[in-house]
Amino acid sequence: MLIVSDVDVLRQKISEWRLNKERIAFVPTMGNLHAGHLQLVKEAKTIGDRVVCSIFVNPAQFGPNEDFERYPRTLEKDRDLLATEGIDLIFTPSVDTIYPAGIGETTTVTVPGVSEGLCNNFRPGHFTGVATVVARLFLLAQPDCVLLGKKDFQQLMVIEKMVSDLCFPIEVMGVDTVREADGLAMSSRNQYLSVEERKAAPALFQVLQELADTIRDGDHDFRKLEREAEEKLHLAGFSVDYVAVCQRNNLRAAVSEIESLVILIAASLGKSRLIDNVTI
Ligand code: PAF
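Residues numbered from 1 in each chain as written. Predicted model: local features only at pLDDT ≥ 70, side-chain atom pairs only at ≥ 80, totals over all residues. Heavy atoms only, no water.

Q: Help me understand the site of the ligand in this model?
A: Every residue close to the ligand is listed here: P28, T29, M30, Q61, V133, V134 and Q155. Q61 places a side-chain nitrogen or oxygen 2.6 Å from an oxygen atom of the ligand. Q155 has a polar side-chain atom sitting 2.7 Å from an oxygen atom of the ligand. For the ligand, whose accessible area on its own is 290 Å², the fraction buried by protein is 89%. Mapped by element, the contributors of at least two residues to the shell around the ligand are β2 (24-29) and α6 (126-141). Its residues assigned to classes, the shell around the ligand comprises four nonpolar, three polar and no charged. (Near = heavy atom within 4 Å. Polar contact = N/O pair within 3.5 Å; in protein donor to acceptor, adjacent residues only side chain to side chain. Areas by Shrake-Rupley, 256 points an atom, 1.4 Å probe, with all protein chains shown as cover. Helix = DSSP H or I, 4+ residues; strand = E, 2+ residues; numbered from the N terminus. Nonpolar A, V, L, I, M, F, W, Y, C, P; charged D, E, K, R; others polar.)

So this is what it looks like as structure tokens:
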């Protein structure tokens, strides 16, 4: 397994593989890998001849009061986990490599529509930061396919649209959320939870499931159901950013005649902001 932080070395390796007509599967991450990331890597191995994983905590996608500084950086542990999975290359660029002109001076990518609303209301600029770094990583790693977790559903839709709008020759694959035994979606931010908060955290997925069941049972008064779910989360100790029943294909507020839906929740316990979703 190669560990590369230099762009020229990366390009050299990628072009060797491309010349050999090897299919490159790419898993972009911010490190601090957990079972959810490892699932992406395992699936990447089944579809790619070569698997490339990037580890880069991207400052451009964090707001001024967010957790960029304290975001867990665990490169040695990540490297060991990825070596065990048998991937081919880890790309660990520096901030200067990704933003040579400086963050504020770099060309950015803003994806209209699906970037708006939901998390963007609480993390303005976040999806521009994500789309920009992912576009740069795509141009550097030149993968044939990219694997992303469905837990970050809005992010997945943003990247799907960017790939389609900018004609990147890349297949985007969403991978199912990996959960703890009590239903909590795996996330690097779960480790910020105190013991008490960790006990309360599974309520997020329970509320999502109850809401999904109510809709499946035929109640389509979505705005009322959102309010009721918010109330349940408040009672469980969450501070709620949103509960939203949306159309699956464009993330607009759901209307009753639409059949393919996604329910998305963002809510905090203490300082930990958790997100999750289910599709119907
Ligand atoms: O989901 C993440 O870890 C990040 O948003 C990503 C896609 C690696 C971009 O920095």
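Moving on from the model shown.
Q: Please explain the pattern of salt bridges as it appears in this structure.
A: Should their charged atoms come close, side chains of opposite charge can pair. In the structure shown here, the tally under the stated rule is 20 salt bridges. The salt bridge involving R18 is made with D144; its shortest N-O contact spans 3.4 Å. Placement of R18 in helix α1 (residues 7-19) and of D144 in the loop between α6 and β5 (145-149) is noted, with a sequence separation of 126 residues between them. Here R223 makes a salt bridge to E226, at a shortest N to O gap of 3.0 Å. Of this pair, R223 and E226 both sit in helix α10 (residues 222-235), separated by three residues, roughly a single helical turn. Given a relative accessible area of 33%, R223 falls into the partly exposed group. You can call E226 buried: its relative accessible area is 11%. When salt bridges that share partners are traced, they join E22, R50 and D88 into one network. (Salt bridge = Lys/Arg side-chain N within 4 Å of Asp/Glu carboxyl O. Buried < 20%, exposed > 50% of the residue type's maximum accessible area, 1.4 Å probe, protein only.)

Q: Looking at this model, I keep getting lost on the state of the cysteines. Mind explaining?
A: By definition, a disulfide links the sulfur atoms of two cysteine residues through a covalent bond. As enumerated under the stated definition, the model contains zero disulfides in all. The structure places no disulfide on C145, whose sulfur is separated from the nearest cysteine sulfur, that of C53, by 13 Å. The class for C145 is buried, based on a relative accessible area of 0%. No disulfide involves C167; its sulfur sits 18 Å from the nearest other cysteine sulfur, which is in C145. (Disulfide = S-S within 2.5 Å.)

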